[in-house]
Amino acid sequence: MKGTPDLSVSKPLKADKTNPGVTQIDYWSLTPEQLFSNVNTSRAGLTQAEAEQRLKQYGANVIEAQQQATAFRLLISQFKSPLVLILIFAAIVSGIVREWVDSIIVLAIVLGSTILGFVQEYSANNALEKLRLQVLLKSNVLREGQFQMLPSEQIVPGDIVELSAGSLIPADGVVLEAKDFFVNQAVLTGETFPVEKKPATVPNNASLSQRINCVFRGTSVSSGTAQVVIVQTGKSTVFGQVAERLRLRPPETEFERGIRHFGNLLTQVMLIMVVLVFAINIFLAKPIIDTLLFSIALAVGLTPELLPAIISIMLAHGAQKMAKRGVIVRRLMSIENFGSMDVLCTDKTGTLTEGVVRLDGALDTQGLPSEVVLRNAYLNAHYQTGLNNSLDDAIQISAQKTNLDISSEVKVDEIPYDFVRKRLSVVVADAQGQRTLITKGALENVLSVCTSLQSNDGIHILDAAAMSEIEKQYSDWSNKGFRVLGLATKPVDSQHETYTSEYENGLIFTGFLLFFDPPKPDVQEVIVDLAKRGVQLKIITGDNQKVARHVADAVSLPVQGVLTGSDLNSIKDEALWYLAERTTLFAEVDPNQKERIILALQKTGHVVGYMGDGINDAPALHAADVGLSVDTAVDVAKDAADFVLLKKDLAILREGIDEGRRTFANTLKYILTTISANFGNMFSMAGASLFLPFLPLLAPQILLNNFLSDIPGLTVASDNVDPEMIATPRRWNTKFIGNYMVLFGMVSSIFDFLTFGILLFLFRASPEEFRTSWFIESLITELVIALVVRTRHVFFRSRPGTLLLVSTLIFIGITLVLPYLPFIAVFGFVPLPAPLMLALLGLTVLYVLATEVAKKYFYSRVKGANA
């Protein structure tokens, strides 16, 4: 902010051209009237026309504008590779020195490769954009005088937004009205506990944490409700300015790190090899232009320049298939983590159980059905305005079936639920004006503010004997799988219009609410399937351990150990690292303890998934390697998740795990093909160029070889995957890939030099015949080897995907007829005699057999073959 404004003058909202959406005043210090004047709005909010105009003026409410993947932008991005640019430069140099044929061929192949990558990426980007739109975060915005759910990206300065527990605050604003409104803003201020926000004016020099009347983008609502007027959006928010300065990015996944190291390794090898080859060939007095083109083409053949594009295509393909199974991917690179996941932590509600909670009983303190208890519970559930939840829905459904009429009682005030008190209270007034505080919540927390209890013969002191009887009832019901809430009331005076949690004392305990959520009928089969896939299932719940244990027993989940929240408070982190692995059930835990459990499991080498949909799940979702939420979750949970399930169902999750493993397996296939064929061929070619009196292949021939082999490689994304590759978690293993590269590169080079010997000494091949033969041999072996290394079995026992098989056969056919085409002479190819062609095919068969032998040896002997 620039200086202190003159508050006596009402300024219109102005856009800072360098930072759209920012107001050039200290807005937190203004009165509501001054603020409305400055942002050109009112309590009625904006009209749709005004909002659309401001959206054009200030831009979308996003931190980093997501540029639409237009065809032109994607096409241009294909030319960003330094190698492609160097190749184009070399082609231009060839043209300058009148090597027209070479120049045109090189440019044509470069153009063909870029079009190939462009078509695939454009298709993948369009598909991903459609998936992204399915999980857009939305906010309750006042437009045309009515609140409506709109994408948060469309919020503009001047909008009035309604916030409630679980809301992710979409932009910076000022609180107009609030009720017990607490916000977690630790992401900006580092404050440990939620802070209360309320209407106020604060000094213009107030620090971020002192602005008690402001809410900030990226923070979340812990409890209560509020209406705020939006002042800053997008990059001009406090969070946006921090993100702009730091340029934060999500932590690199193990998969991303492995791909980056692999790419760097090949690039380094390429640079060393190309420089040496160029220098030595120049020393041997070979033509400079031909040698330059040859060296650059060799670099293109060696460098995995299509690796990023192919990985993006494979991940996008995986995301599309996962979407068909009900799993929307929010972060593409997390797909590999999904497949690597070996521990899944989840609450029981909706995953192990039906998620359709019903009120099984509204009972008095003696355990008998009570209409009074049901009525009070109905009043509490009906008038609470916090986060919608299945328990309140169940109460209202049950009460409506009995035709309870509460129209004579009106709501006076509400004390919202929070995760510290674990209670929710409403104050209602009857027709005579008598007010009653009705409190509902976790039984222990309700009892803690009660001093007496209601029985059939009146009100009695809540003494030790009464507490013991209540505990016995609670234990019996919990062991049967019921979730038990407590209900309490007390008369309150009529002198106040607002009530706080301080009024929750001296209550009269009136009864119990029993809820039941039956186990899913097919969940036992899913649990067994997850175990077969190497995924341990752990329950982390806020419910009491007896209810959680009952559910675990009901679904036949083997329970190895149980830890409660109070146990966790007395355990040091080092001890938890040991215990977390050996514990199946964590009960009565709070949000921070959930996160602590996730971190403990990660410390012992596990890839941990966490499924949650509530406010209290956000910390654990952030900490997990795989954050899973559902489409109906609160905003803060969906925003923290890597994947959003369209239905909270372990069966959908199982299919998502399988698809994640397929995507990883197919990505690994492409990498193994690249290092077993490309690396060996290019190494052999570089070596041959040093002792041959001519270049083993001309630059256009190398580029054509690279181009033709890349097309079938793009179909690997849809390839079939062997069952054992899905059966257990798979992780990136650099040592495995390094060992693979050495062994199979060596096999490839041995056959390359065998081919050279046969061509030179047996067939006395001319330079043109040598190049034609070597082109055919190297391309066919690269195409065929993809079918061999795609499986750990003998290749004919694993059926490849239709696209991969068909495209490979087509390009093998094209390769065999290529020397006989009339126009092919421009590439320097010549027709080959039949004996030579048969010899090449024989060498290919021998190479396949040798690779099969090497593959069997490798997977039986090489350490790390479990990658």
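Residues numbered from 1 in each chain as written. Predicted model: local features only at pLDDT ≥ 70, side-chain atom pairs only at ≥ 80, totals over all residues. Heavy atoms only, no water.

Draft legend 1. Representation of unusual backbone geometry. One non-glycine residue, Glu-144, lies in the positive phi region at around 55 degrees. Although it is not a glycine, Asn-403 adopts a positive phi angle of roughly 60 degrees. Looking at the element boundaries, Asn-403 is found in the loop between helix H13 (390–401) and strand E11 (410–415). (Helix = DSSP H or I, 4+ residues; strand = E, 2+ residues; numbered from the N terminus.)

Draft legend 2. Structural detail: helix H20 (residues 591–603). Along its 13 residues, H20 runs 19 Å from first to last C-alpha, staying within 8% of the 18 Å computed at 1.5 Å per residue. When H20 is considered as a whole, its buried residues turn out to be Pro-591, Gln-593, Lys-594, Ile-597, Ile-598, Ala-600 and Leu-601. The residue sitting at the N-terminus of H20 and contributing the capping side-chain oxygen is Asp-590; that oxygen lies 2.8 Å from the backbone nitrogen of Gln-593. Note on H20: the residue one or two positions beyond its end, Gly-605, has a positive phi of about 90 degrees. (Expected span 1.5 Å × (residues − 1). Buried < 20%, exposed > 50% of the residue type's maximum accessible area, 1.4 Å probe, protein only. Polar contact = N/O pair within 3.5 Å; in protein donor to acceptor, adjacent residues only side chain to side chain.)

Draft legend 3. Examining the environment of Ala-825 more closely. Here Ala-825 is to be found in the loop between helix H28 (802–817) and helix H29 (834–861). Sequence separation of Ala-825 and Glu-768 is 57 residues, and the distance between their C-alpha atoms is 10.0 Å.

Draft legend 4. Region of interest: the packing of helix H26 (residues 734–762) against H29. Contact geometry of H26 with H29 gives a least axis separation of 11 Å together with a crossing angle of 155 degrees. Here H26 lies roughly antiparallel to H29, going by the angle between them. Where H26 crosses over H29, the two elements pack in a sense that is right-handed. Residue-level contacts link Phe-736, Asn-739, Tyr-740, Leu-743, Phe-744, Val-747, Ser-748, Phe-751, Leu-754, Thr-755, Ile-758 and Leu-759 of H26 to Leu-836, Leu-840, Leu-843, Leu-846, Tyr-847, Ala-850, Thr-851, Ala-854, Lys-855, Tyr-857, Phe-858 and Tyr-859 of H29. (Axes fitted to C-alpha atoms, helices over the stretch in contact; angles between N-to-C directions. Parallel < 35°, antiparallel > 145°, perpendicular 65-115°, else oblique. Left-handed = near helix turned anticlockwise from the far one by under 90°. Contact = heavy atoms within 4.5 Å.)

Draft legend 5. Just the sheet that holds strand E21 (residues 608–611), in detail. Taking strand neighbours across the sheet as the criterion, the 8 strands line up as E8-E23-E22-E21-E9-E18-E20-E19 in an open arrangement whose pairing is mixed. The open sheet terminates on both sides in strands that have one partner only, identified here as strand E8 (327–329) and strand E19 (562–564). Pairs of neighbouring strands in the sheet enclose a mean axial angle of 20 degrees, with direction left out of account. Note that E19 and strand E20 (residues 585–587) share 3 bridges and pair parallel. Residue pairing across strands places Leu-563 opposite Phe-586, the latter belonging to E20. In the packing of helix H17 (residues 545–554) onto the sheet, contacts are made with strand E18 (536–540), E19 and E20, and the angle to E20 comes to roughly 150 degrees. (Pairing = 2+ DSSP bridges.)

Draft legend 6. Broad picture of the pattern of salt bridges. Summed over all chains, the structure comprises 22 salt bridges. Between Arg-596 and Asp-573 there is a salt bridge whose closest N-O contact spans 2.8 Å. Of the two residues, Arg-596 is situated in helix H20 and Asp-573 in helix H19 (residues 573–581); the sequence distance between them amounts to 23 residues. With a relative accessible area of 22%, Arg-596 lands in the partly exposed category. A residue is classified by how much of its surface remains accessible, and Asp-573, at 39% relative accessible area, is partly exposed. (Salt bridge = Lys/Arg side-chain N within 4 Å of Asp/Glu carboxyl O.)

Draft legend 7. Structural detail: the confidence of the model for the protein chain. Mean pLDDT for the protein chain: 82, with 84% of residues reaching 70 or above. Long-range and interchain partners of residues 1–23, a stretch whose pLDDT sits below 50, account for 56 contacts in this model, where long-range means more than four residues apart. (pLDDT = per-residue confidence, 0-100.)

Draft legend 8. Region of interest: the environment of Lys-348. Residue position: Lys-348 is located in the loop between strand E9 (343–346) and strand E10 (358–364). A sequence separation of 193 residues divides Lys-348 from Thr-541, and the C-alpha atoms of the two residues are 7.0 Å apart. Those residues in contact with Lys-348 that sit more than four places away from it in its chain are Thr-353, Ile-539, Thr-541, Asp-543, Val-547, Ala-548 and Val-551.

Draft legend 9. Highlighting empty space enclosed by the protein. Going through the model one piece at a time under the given rule, you end up with 4 cavities of 30 Å³ or more. What the second largest cavity holds in volume is close to 120 Å³. For the second largest cavity, the full set of lining residues is Ala-665, Leu-668, Lys-669, Leu-672, Asp-722, Glu-724, Met-725, Val-789, Arg-790, Thr-791, Arg-792 and Tyr-859. Within the residue set of the lining of the second largest cavity, elements represented by two or more residues are helix H23 (650–691) and helix H25 (723–727). (1 Å grid on protein atoms, 1.4 Å probe; cavity = no way out; pocket = protein on both sides within 12 Å on 5 of 7 lines; lining within 4 Å. Points joined across faces, edges and corners; volume = space filled by probe spheres on them.)

Draft legend 10. Expanded view of the side chain of Asn-140. Note that Asn-140 resides in strand E1 (residues 138–143). A polar atom in the side chain of Asn-140 sits 3.4 Å from the backbone nitrogen of Gln-148. Here Asn-140 is in contact with Phe-147, Gln-148, Met-149, Ile-160, Val-161 and Glu-162, once residues within four sequence places are set aside.

Draft legend 11. Representation of the packing of helix H27 (residues 767–789) against H29 within the structure. One way to put it is that H27 packs onto H29 with a least axis distance of 10 Å and a crossing angle of 35 degrees. For the pair H27 and H29, the sense of crossing is right-handed. Residues Ser-773, Ile-776, Glu-777, Ile-780, Thr-781, Val-784, Ile-785, Val-788 and Val-789 of H27 form the contact with H29, whose own contacting residues are Leu-836, Met-837, Leu-840, Leu-841, Leu-843, Thr-844, Tyr-847, Val-848, Thr-851, Glu-852 and Lys-855. By residue class, the composition of the contact of H27 with H29 is 13 nonpolar, 4 polar and 3 charged. (Nonpolar A, V, L, I, M, F, W, Y, C, P; charged D, E, K, R; others polar.)

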